[in-house]
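# Residue-level structure breakdown
Each chain, written out:
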Amino acid sequence: MVTKPSLKIENAPITLRELALNKVRQAIISGYFKAGDRLIERTLSEELGVSRTVVREVIRYLEAEGLIENQAKKGPMVALLTWETAEQIYDIRLLLEQEAAYDCARLATSKEKQALHKKLQRIGRASQQQDDIERVEASQDFYEAIFRISRHTIAWEIVQRLNSRISRLRALTLRSHERQVAGFERMSRIYSAIENGNPELAKEAVKQHLTEAAMLAKTILLSEEK
């Protein structure tokens, strides 16, 4: 059972739109708002404590990210996540992340490896605390570093456009009890290969990680589509 999070906005040095956007995005990724749930402006406005104008801006932004879709006569709703869509996302990740890890292992300096290790440790702490949202965000931070170190900046721009849906898939598979190897352990293997300057091993570690994650996602999503 998903614990109901507090959506109320607290004072912070960023705009209300950004705060509301982060809250609703996290609520979708965590499963608080489920696929197919209608998102009613008035209700969201009350829950978030912001104007309906802000809510409309948030909905438009998340629609562009692929987390929300507008259906005729129904209005905005949480986008359905199908295996057909997920498979394409995993295929793109596999192509781009393998090459990024390969070049990261080849190019990373000692200082960059240390910085990457700190990001891995953040994933480890989140895993111990079973904080799915923090694990998702820490994983995104870890992969961003790999793309930056490898100098694959255009590839990262492509991945960024998919990040909200990637995060949703990460959260989905993190909740599964069928993982053969924990996600943190898989990412530790990627880091170890990079640390040791072994490009081929880094590429293979990414392949193993994404192949297992894709198989899990396929099992879960196809069962939900029946």
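Attention here is on the structure that accompanies the text. (Residues numbered from 1 in each chain as written. Predicted model: local features only at pLDDT ≥ 70, side-chain atom pairs only at ≥ 80, totals over all residues. Heavy atoms only, no water.)

Right, let's get into the overall build of the protein. In terms of helices and strands, the protein carries 9 helices and 2 strands. When the elements of the protein are put in sequence order from the N terminus, they spell out α-α-α-β-β-α-α-α-α-α-α. In terms of overall dimensions, the protein has C-alpha extents of about 55 × 45 × 35 Å along its principal axes. Taking all 226 residues of the protein together, the buried fraction comes to 45%. For the protein, contacts bridging at least 24 residues in sequence account for 71% of all contacts bridging at least 6. For the protein, the exposed area adds up to about 12,300 Å²; of that, 49% sits on carbon and sulfur atoms. Taking the average location of the 36 positive side-chain charges in the protein and that of its 32 negative ones, the two points are 2 Å from each other. (Helix = DSSP H or I, 4+ residues; strand = E, 2+ residues; numbered from the N terminus. Buried < 20%, exposed > 50% of the residue type's maximum accessible area, 1.4 Å probe, protein only. Contact = heavy atoms within 4.5 Å. Areas by Shrake-Rupley, 256 points an atom, 1.4 Å probe, with all protein chains shown as cover. Lys, Arg positive; Asp, Glu negative; His and termini not counted. Charge placed at Lys NZ, Arg CZ, Asp CG, Glu CD.)

Moving on to helix 7 (residues 153-174). Taking 1.5 Å as the rise per residue, helix 7 with 22 residues should run 32 Å; its terminal C-alpha atoms sit only 27 Å apart, a clear shortfall. Within helix 7, the axis deviates most sharply at Asn 163, by approximately 60°. (Expected span 1.5 Å × (residues − 1). Bend = angle between axes of the 7 residues up to and from the residue.)

Attention now moves to the nonpolar core. Judged by nonpolar contacts, the single largest core of 41 residues is most densely connected at Tyr 90, Phe 142, Ile 146, Leu 169, Ile 190 and Ile 194. Mapped onto this core, the elements with two or more residues apiece are helix 4 (83-107), helix 5 (110-128), helix 6 (132-149), helix 7, helix 8 (183-195) and helix 9 (199-225). For Tyr 90, the residues in contact, after removing those within four places along its chain, are Trp 83, Leu 169, Thr 173, Leu 210, Ala 213, Ala 214 and Ala 217. (Core = buried A, V, L, I, M, F, W, Y, C linked by side-chain atoms within 4.5 Å.)

Quick look at the side chain of His 209 now. Note on placement: His 209 falls in helix 9. Within the structure, the side chain of His 209 is placed 3.4 Å from the side chain of Tyr 143, a separation counted as a polar contact. (Polar contact = N/O pair within 3.5 Å; in protein donor to acceptor, adjacent residues only side chain to side chain.)

What follows concerns the packing of aromatic side chains. Overall, the coordinates contain 3 aromatic pairs when judged by the stated rule. Measuring from ring centre to ring centre gives 5.7 Å for Phe 142 and Tyr 143, while their planes differ by 80°; the resulting arrangement is edge-to-face. Both residues of the pair, Phe 142 and Tyr 143, belong to the buried class. When the ring centre of Tyr 143 is taken as origin, the NZ or CZ atom of Arg 93, which lies over that ring, is 5.5 Å away. (Phe/Tyr/Trp six-rings, centres within 6.5 Å; stacked < 30°, edge-to-face > 60°. Lys NZ or Arg CZ within 6 Å of the ring centre and 35° of its normal.)

What follows covers a nonpolar patch on the surface. A grouping of Ile 92, Ile 154 and Ile 158 is seen on the molecular surface, where their side chains present a nonpolar patch of about 240 Å² in accessible area. You can see Ile 158 is positioned in helix 7. (Patch = residues over 30% accessible without salt bridge, like charges linked within 9 Å, V, L, I, M, F, W, Y side chains within 5 Å. Salt bridge = Lys/Arg side-chain N within 4 Å of Asp/Glu carboxyl O.)

The next thing to look at is the pairing of strand 2 (residues 75-78). Within a regular strand, the side chains alternate between the two sheet faces. As judged from the 4 bridges shared by strand 1 (residues 68-71) and strand 2, these two strands associate in the antiparallel manner. Looking at the pairing, Asn 70 lines up with Pro 76 of strand 2. (Pairing = 2+ DSSP bridges.)

Moving on: the environment of Glu 97. Here Glu 97 lies in helix 4. The spatial distance from the C-alpha of Glu 97 to the C-alpha of Ala 155 is 8.6 Å, given a sequence separation of 58 residues. Discounting chain neighbours no more than four positions away, the residues touching Glu 97 are Tyr 143, Phe 147, Val 206 and Leu 210.

Moving on, we get to the pattern of salt bridges. All told, the structure shown has 15 salt bridges when counted by the stated rule. The closest approach of N and O atoms between Arg 56 and Glu 41, which form a salt bridge, is 2.9 Å. With Arg 56 in helix 3 (residues 52-65) and Glu 41 in helix 2 (residues 41-48), the pair connects residues that are 15 residues apart, well separated along the chain. Given a relative accessible area of 34%, Arg 56 falls into the partly exposed group. Salt bridges sharing common partners tie together Lys 119, Arg 122, Glu 134 and Asp 141.

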